[in-house]
Amino acid sequence: MTDRVLIIDFGSQVTQLIARRVRESGVYCEIHPFNRVDDSSLKAYDPKAVILSGGPASVIDTGTPRAPDGLFTLGVPVLGICYGEQTMCAQLGGRVEAADHREFGRAFVDVADSCALFDGVWAKGAREQVWMSHGDRVTALPQGFRVVATSDGAPFAAIADESRRFYGVQFHPEVVHTPHGAQLLKNFTHKIAGCSGDWTMAAFRAQEIAKIRAQVKDGRVICGLSGGVDSSVVAMLLHEAIGDQLTCVFVDTGMMRAGEADEVVSLFRDRFNIRLVHRDASDLFLKKLEGVTDPERKRKIIGATFIDVFEEEAKQAGGADFLAQGTLYPDVIESVSFIGGPSVTIKSHHNVGGLPERMKMKLVEPLRELFKDEVRALGRELGLPHDMVGRHPFPGPGLAIRIPGQELTRDKLEILRKADSIYLEEIRNAGLYDAIWQAFAVLLPVRTVGVMGDSRSYDYACALRAVTSTDGMTADFYPFDMAFLGRVANRIINEVKGINRVTFDVTSKPPGTIEWE
Ligand code: XMP
């Protein structure tokens, strides 16, 4: 069985990064919230090592989170990070106090002694950059521990009890601002805990295929294919596992980008031989959206219509026992919330939510354990073309939310599609596609006066958007050079009938959002 590391989450903003670093080194790991881990679940998980994350609480306060006491007698290595280090010390008989010298951001540690955690990167006597974010600090060590690094604000910046294989760091090795952090974590999982690092996408593929076969047996599975990376990878994996027991349904909403519907059909049906139902429902979607200008209503109508059409097609195809979905790990991780309460809805983002409840089918979710870039790696492993695997995210409601504040018409969709495809073509030709998270054109609800040849024009304006991001939660606009933007604007105005002005959106997120509505 593959080695498994358990990360106990105390609510740090960067806990997911610990998982990313551990997995990048070829070790499978999961994040479990502290209040869902007890002595028995800990034993059942059978971890090769445990990492305690940071968190916003203070060990000094009563009632704040603790690791299960059984962790410290399990006989496996433990690494406590920040709050994790503090609670480990407090639970093992050390002392934690509020510091008068708080450390936030870049800091330096002095390496006091060599230690397995530092192997190959930090030598005794060196001064090394780390990233700190703490108010409290450890002031007395539990028995058996020694100090291996210090900083101005944390006399016990790194500590070790080699006999029990317990380690603690006050800084955050998981963030890139701790330049050797990934290597420190790898030393912990590989050298100290003895993980073999054999968790690769090839291994995951074989393991998931076996799991799908065991779950589905001779049942039938239906899968909504959108042309995006996640559903494409799900389809490929299922097809490999169960062949023709899988039927994919591709609903063309009429809100796709230029050429996209044909690409999906030719790739999956013709090239990969996957049973695929292609339903062109664009008339129906447009009809339902007649007269609608409000973004949230557009989303709701598209979501509901999608479910109707999908259900109809599933029935037509003879029904199924399972519904396959491209749920990813970030959707599954239960977050630790200290504040509680519902957060404000900025955009509903739900497109096909509600489908599983409505169709009363069992779910097959083979990507539940993966982060987005692991899904991409799996897609490559499964032979999906580079263009498909590296494709920019595309929202479920598609171009409908890129014609803001206006009723959708075929003409407007066609104008937008042409402008968008010129823009993307220029981005690809300039070799910039992979450096950008998302790029698209938006058809604005204003008409402007222009002069073309000797005549007056009165056409739409469009906006170009391009952002960099790592997760879509925050974003910066992409700084194209002016010559590039000028070239794109020229082509759009000359080649797209209906647009006579092009603007470039320089809004970051926050305060803007990526899409215009
Ligand atoms: P925003 O506009 O909220 O977008 O900054 C963040 C990311 O989410 C995508 N997005 C959506 N995806 N249904 C989706 O499936 C939606 O209704 C939706 N709205 C925005 C957006 O493209 C970006 O990647």
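Rules used in this analysis
Residues numbered from 1 in each chain as written. Predicted model: local features only at pLDDT ≥ 70, side-chain atom pairs only at ≥ 80, totals over all residues. Heavy atoms only, no water. Helix = DSSP H or I, 4+ residues; strand = E, 2+ residues; numbered from the N terminus. Buried < 20%, exposed > 50% of the residue type's maximum accessible area, 1.4 Å probe, protein only. Contact = heavy atoms within 4.5 Å. Lys, Arg positive; Asp, Glu negative; His and termini not counted. Charge placed at Lys NZ, Arg CZ, Asp CG, Glu CD. Pairing = 2+ DSSP bridges. Axes fitted to C-alpha atoms, helices over the stretch in contact; angles between N-to-C directions. Left-handed = near helix turned anticlockwise from the far one by under 90°. Right-handed = clockwise from strand over helix to strand, strands pointing away. Parallel < 35°, antiparallel > 145°, perpendicular 65-115°, else oblique. Nonpolar A, V, L, I, M, F, W, Y, C, P; charged D, E, K, R; others polar. Core = buried A, V, L, I, M, F, W, Y, C linked by side-chain atoms within 4.5 Å. Phe/Tyr/Trp six-rings, centres within 6.5 Å; stacked < 30°, edge-to-face > 60°. Lys NZ or Arg CZ within 6 Å of the ring centre and 35° of its normal. Near = heavy atom within 4 Å. Polar contact = N/O pair within 3.5 Å; in protein donor to acceptor, adjacent residues only side chain to side chain. Areas by Shrake-Rupley, 256 points an atom, 1.4 Å probe, with all protein chains shown as cover.

(A) Seen up close, the overall build of the protein. When helices and strands are counted, the protein shows 15 helices and 18 strands. Each of the three principal axes of the protein carries a C-alpha extent, and together these read 85 × 60 × 40 Å. Looking at the protein residue by residue over its 517 residues, the buried ones come to 55%. Taking contacts inside the protein between residues at least 6 apart in sequence as the whole, the part at least 24 apart equals 75%. Counting 59 positive and 68 negative side-chain charges, the protein places the centres of these two groups 2 Å from one another.

(B) A look at the sheet that holds strand β14 (residues 362–364). Spatial strand order, β12-β11-β10-β13-β14: five strands in an open sheet with parallel pairing. Sheet topology places β12 (276–280) and β14 at the edges, where each strand pairs with a single neighbour. Adjacent strand axes in the sheet meet at a mean angle of 25 degrees, parallel and antiparallel pairs treated alike. Relative to β12, strand β11 (residues 246–252) runs parallel, the two being bridged by five bridges. Paired with aspartate 252 across the bridge in β12 is aspartate 280. On the sheet, helix α5 (residues 201–216) packs against β10 (221–224), β13 (322–324) and β14 and is oriented at approximately 165 degrees with respect to β14. Sitting on the sheet, helix α6 (residues 229–242) touches β10, β11, β13 and β14, and the angle it makes with β10 is about 160 degrees.

(C) Structural view of the packing of α5 against α6. Packing of α5 against α6 brings their axes to within 9 Å, and their N-to-C directions diverge by 65 degrees. Classified by chirality, the crossing of α6 by α5 is right-handed. The segment α5 lies against α6, with Arg205, Glu208, Ile209, Ile212, Arg213 and Val216 engaging Leu237, Leu238, Glu240, Ala241 and Ile242.

(D) Quick peek at the pairing of strand β1 (residues 4–9). In terms of burial, β1 is a largely internal element, five of the six residues being buried. When β1 meets strand β2 (residues 28–33), the two strands line up parallel, connected through six bridges. For aspartate 9, the partnering residue across the bridge sits in β2 and is proline 33. In this fold, the crossover linking β1 to β2 by way of helix α1 (residues 15–24) has right-handed handedness.

(E) Inspection of the packing of α5 against helix α12 (residues 372–381) at higher detail. Where α5 contacts α12, the axes come no closer than 9 Å and their chain directions differ by 80 degrees. Regarding the angle of α5 to α12, the classification is roughly perpendicular. Packed against α5, whose contacting residues are Met201, Ala202, Phe204 and Arg205, the element α12 presents Glu374, Ala377, Leu378 and Glu381 at the interface. Of the residues in the contact of α5 with α12, the class split is five nonpolar, no polar and three charged.

(F) Broad picture of the nonpolar core. Ranked by size, the top nonpolar core spans 67 residues in total, and within it Leu52, Leu238, Phe268, Leu378 and Leu384 carry the most contacts. Per element, the largest residue contribution to this core is nine residues, and it comes from α6. Sequence-distant contacts of leucine 384, that is, excluding residues within four places in its chain, are made with Ser232, Val233, Met236, Leu267, Phe268, Phe272, Gly379 and Val389. Grouped together as the second largest cluster of nonpolar side chains are 52 residues, Ile302, Leu323, Ala400 and Ala439 included.

(G) Local environment of the sheet that holds β1. Ordered in space as β2-β1-β3-β4-β9-β8-β7-β5-β6, the nine strands form an open sheet in which the pairing is mixed. Taken across any chain shown, the strands that pair with only one partner, and hence form the sheet edges, are β2 and β6 (127–140). With strand direction ignored, the average angle separating the axes of adjacent strands in the sheet is 20 degrees. Relative to strand β4 (residues 78–81), strand β3 (residues 49–52) runs parallel, the two sharing three bridges. Within the sheet, the bridge partner assigned to isoleucine 51 lies in β4 and is leucine 79. Strands β1, β2, β3 and β4 of the sheet are contacted by α1, whose axis makes an angle of about 165 degrees with β2. Against the sheet, helix α3 (residues 83–91) makes contact with β3, β4, β5 (95–111), β6, β8 (158–161) and β9 (166–169), and its axis sits at roughly 120 degrees relative to β4, the strand it touches most.

(H) Up close: the packing of aromatic side chains. Tallied over the entire structure, the rule returns 16 aromatic pairs. A centroid spacing of 4.5 Å and a plane angle of 25 degrees characterise the contact between phenylalanine 480 and phenylalanine 484, whose relative ring orientation is stacked. You'll find phenylalanine 480 and phenylalanine 484 in the same group, each marked buried. Above the ring of phenylalanine 394, the side-chain terminus of arginine 257 is found at 4.0 Å from the ring centroid. Cation over ring: arginine 428 sits above tyrosine 433, and NZ or CZ is 4.4 Å from the ring centre.

(I) Representation of the site of the ligand. Around the ligand, a shell composed of 15 residues is seen, among which Arg299, Lys347, Lys509, Ile514 and Glu515 lie nearest. Isoleucine 514 places a polar main-chain atom, nitrogen or oxygen, 2.7 Å from an oxygen atom of the ligand. Side-chain polar atom of glutamate 515 to an oxygen atom of the ligand: 2.5 Å apart, as the coordinates give it. Burial of the ligand by the protein chains amounts to 87% of its free accessible area of 490 Å². Of the residues assigned to the shell around the ligand, the class counts are five nonpolar, six polar and four charged.

(J) Looking closely at the pairing of β8. Of the two faces of β8, the one carrying Ala158 and Ala160 and the one carrying Ile159 and Asp161 are both buried. Direction of pairing for strand β7 (residues 146–150) relative to β8: antiparallel, over a ladder of three bridges. Residue pairing in the sheet places alanine 149 in a bridge with alanine 158 of β8. Relative to β9, β8 runs antiparallel, the two sharing four bridges. Within the sheet, the bridge partner assigned to aspartate 161 lies in β9 and is phenylalanine 166. In this structure, the hairpin formed by β8 and β9 is closed by a connection of four residues, where arginine 165 is found at a positive phi of approximately 60 degrees.

(K) Representation of unusual backbone geometry in the model. For the bond running from lysine 509 to proline 510, omega is -15 degrees, close enough to zero to count as cis. Along the polypeptide, proline 510 turns up in the segment after β18 (499–504). Here the residue pair proline 510 and proline 511 is connected by a cis peptide bond, since its omega of 10 degrees sits within 30 degrees of zero. If you trace the backbone, proline 511 turns up in the segment after β18. Although it is not a glycine, cysteine 82 adopts a positive phi angle of roughly 55 degrees. Residue position: cysteine 82 is located in the loop between β4 and α3. The class for cysteine 82 is buried, based on a relative accessible area of 5%. Positive phi, close to 60 degrees, is recorded for arginine 165, a residue that is not glycine.

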